[in-house]
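A structural walkthrough
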Amino acid sequence: MALSVREYRARIKSTESMKKITRAMELIAASRIIKAQQRAQAAAPYARELTRAVSAVATFSNVDHALTLEPEDPKKAAILIVTSDRGLAGAYSSSVLKEAERLIEKLKGEGKEVDLYVSGRKGEAYFKFRQRSIMQAWTGFSDQPTYDVAAEIGAALIAAFLADAEDSESDVAAVDEVHVVYTRFRSMLSQEPTAVRLLPLEVVEGTEAPDKADLLPLYEFEPSPSEVLDSLLPRYVQSRIFFALLQAAASELAARQKAMKSATDNADELIKKYKRIANQARQAGITQEISEIVGGVNALADAQAGSE
Amino acid sequence: MAGSSDKVLQVELVAADRLVWSGQATMVIARTTEGDVGILPNHAPLLSSIIEGVVDVQTAEGETWIAAVDAGFLSVADNRVSILAERAEMSHEIDLEKAREELERCKAAGENDDEAQEKLRRAEARIRAVERAS
């Protein structure tokens, strides 16, 4: 009996140290979410102005741009999947991967081939384990994405989109459309895996409808509308990707905080349970010892009485 | 916004990851692909691409702010000027030593492709921004 008390004590101890770790991770995630949210907010003015500029050009010039042209018969699609680098974030990565699988199925159902582009080590590991080929993967920044990374990803995706399918010499795999799957940060409690089509671009006026006072003026373009659009649209794409990465980072941290909070709570409960069992075992041990002593004394007394 | 500020420009200098500077100004000078442009209040709406260079802002209080920017855009409408660049730094944020080192490195590398040229121009712009400000 004494042994099992010791066993339970050891378990309590290890659970307690685990609890310390999960608690620390919870606090770290909580403090980083605020930073991640601030970064997302700081990036908002750029996205807003860029969207304004793009809609200005799109409204006042009828320039067709390669990035906005709908291919007549889309055969190949690229998907950028934004996952995390590290685990211990609950269902964060698996839910975004599930959403991605759904999109892949849907695109395959429409008769399109799918090329995978992955950001985050978890996503990379997921597809590698299943021996599915990944066109390109970017890792190592999932909780603190920088604009440079977004620009790099954007450049790769735009290159794939603009590449000519017939041109077999180029080493870029051509695609007809580009989708992004990421986790939208709605609140601390809810994050939602979302799939959006990035290319060909549909120029929309931001998320909110422009009000009357916000009517766009007649712009002069320098050097020319098409050239402005040429340099504007790739940046617009990159800023959309940056937005997705920032949202994903905030979601990842929120998911991790939630997961670690429930882990800490579970550890608390486990400790309580073990303590109860350990105390029971301790009391059972004491009771047994007493009854053994009493029994022993009685036996001795009986033996003495018998001999006299 | 247009009604309240007939004589000043409302300027926003925005980098991809943050708002670098915003405030009121009487004049903005930036370098577009076609050459330097100066923007005064009541300028006609304009949308233009800018190249790596220095942006000069004269504030309503008579101060001059100088910033180094990457390639990006300039949009003017309704006395509102927004300058968008992937990277932008105010002159007082730039570390001159580091910028000089960067320039030396770019020159020493001696590469001639677009990327190297861009880096070189960026380094030069940063140094120019600091020198103009001081």
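Residues numbered from 1 in each chain as written. Chains lettered and ligands numbered in written order. Predicted model: local features only at pLDDT ≥ 70, side-chain atom pairs only at ≥ 80, totals over all residues.

All right, on to the overall build of chain B then. Assigned secondary structure in chain B consists of two helices and nine strands. In chain B, the succession of α and β elements from N to C terminus is β-β-β-β-β-β-β-β-β-α-α. For 134 residues, the compact-globule formula gives about 14 Å, and the C-alpha radius of gyration of chain B, at 15 Å, lands near that figure. (Helix = DSSP H or I, 4+ residues; strand = E, 2+ residues; numbered from the N terminus. Rg over C-alpha atoms; globule rule 2.2 N^0.38 Å.)

Generally speaking, soluble globular proteins have nonpolar side chains that are buried together. Ranked by size, the top nonpolar core spans 100 residues in total, and within it A:Leu80, B:Ala67 and B:Ile83 carry the most contacts. Looking at this core, the element that brings in the most residues is helix α5 (residues 225-307) of chain A, giving 19 residues. The residues that make up this core include at least three from each of domain 1 (9-90) and domain 2 (95-133) of chain B. Those residues in contact with B:Ile83, other than ones at most four positions away along the chain, are B:Leu13, B:Val14, B:Ala30, B:Val55, B:Val69, B:Gly72 and B:Leu74. (Core = buried A, V, L, I, M, F, W, Y, C linked by C-beta atoms within 7 Å. Buried ≥ 20, exposed ≤ 12 C-beta atoms within 10 Å, placed from the backbone. Domains from an automatic or database assignment. Contact = placed C-beta atoms within 7 Å.)

Residues and elements named next belong to chain B. Contact geometry of helix α1 (residues 96-109) with helix α2 (residues 114-133) gives a least axis separation of 9 Å together with a crossing angle of 150 degrees. Between α1 and α2, the angle falls in the class roughly antiparallel. The hand of the α1/α2 crossing is left-handed. Between α1 and α2, the contacting residues are Leu96, Ala99, Arg100, Glu102, Leu103, Cys106 and Ala109 on the first element and Ala116, Lys119, Leu120, Ala123, Glu124, Arg126, Ile127 and Val130 on the second. For the contact of α1 with α2, the class distribution of residues is ten nonpolar, no polar and five charged. (Axes fitted to C-alpha atoms, helices over the stretch in contact; angles between N-to-C directions. Parallel < 35°, antiparallel > 145°, perpendicular 65-115°, else oblique. Left-handed = near helix turned anticlockwise from the far one by under 90°. Nonpolar A, V, L, I, M, F, W, Y, C, P; charged D, E, K, R; others polar.)

Moving on to the interface of chain A and chain B. Contacts between the two partners involve 25 residues from chain A, matched on the other side by 23 residues from chain B. Taken together, the residues of the side of chain A that touches chain B break down into 18 nonpolar, two polar and five charged. As paired strands, strand β6 (residues 220-222) of chain A and strand β4 (residues 46-50) of chain B are joined by three bridges and run parallel to one another. Directly across from A:Glu222, in β4(B), lies its bridge partner B:Ser48. (Pairing = 2+ DSSP bridges.)

This part takes up the domain arrangement of chain B. A common way to report how large an interface is uses the accessible area buried once the components associate. Residues and elements named next belong to chain B. What the domain assignment reports for chain B is domain 1 (9-90) and domain 2 (95-133). Computed over C-alpha atoms, the centres of domain 1 and domain 2 are 21 Å apart. Each partner contributes residues to the interface: domain 1 has eight residues there, and domain 2 has nine residues. Breaking the side of domain 1 that touches domain 2 down by element, the ones donating at least two residues are β5 (53-59) and β6 (64-69). Here the side of domain 1 that touches domain 2 is built from residues that sort into four nonpolar, one polar and three charged.

Residue and element names in this part refer to chain B. Counting buried positions over the seven residues of β5 gives five, a clear majority of the element. Where strand β2 (residues 18-32) lies against β5, four bridges are found, and the strand directions are antiparallel. Opposite Ile29, over in β5, you have Asp56 as the bridge partner. Note: β5 against β6, six bridges, orientation antiparallel. Within β6, the residue paired with Val54 across the bridge is Ala68. The loop that links β5 with its antiparallel partner β6 comprises four residues; one of these, Gly62, has a positive phi angle of about 90 degrees.

A few words on the packing of helix α4 (residues 147-162) of chain A against α5(A). All names here are of chain A. In contact at an axis separation of 8 Å, α4 and α5 are set at 125 degrees when each is read in the N-to-C sense. By the angle between their directions, the pair α4 and α5 is classed as oblique. α4 and α5 meet at a crossing whose hand is right-handed. For the pair α4 and α5, contact is made by Tyr147, Val149, Ala150, Ala151, Ile153, Gly154 and Ile158 and by Pro234, Val237, Gln238, Ile241, Phe242 and Leu245, respectively. Of the residues belonging to the contact of α4 with α5, the class tally is eleven nonpolar, two polar and no charged.

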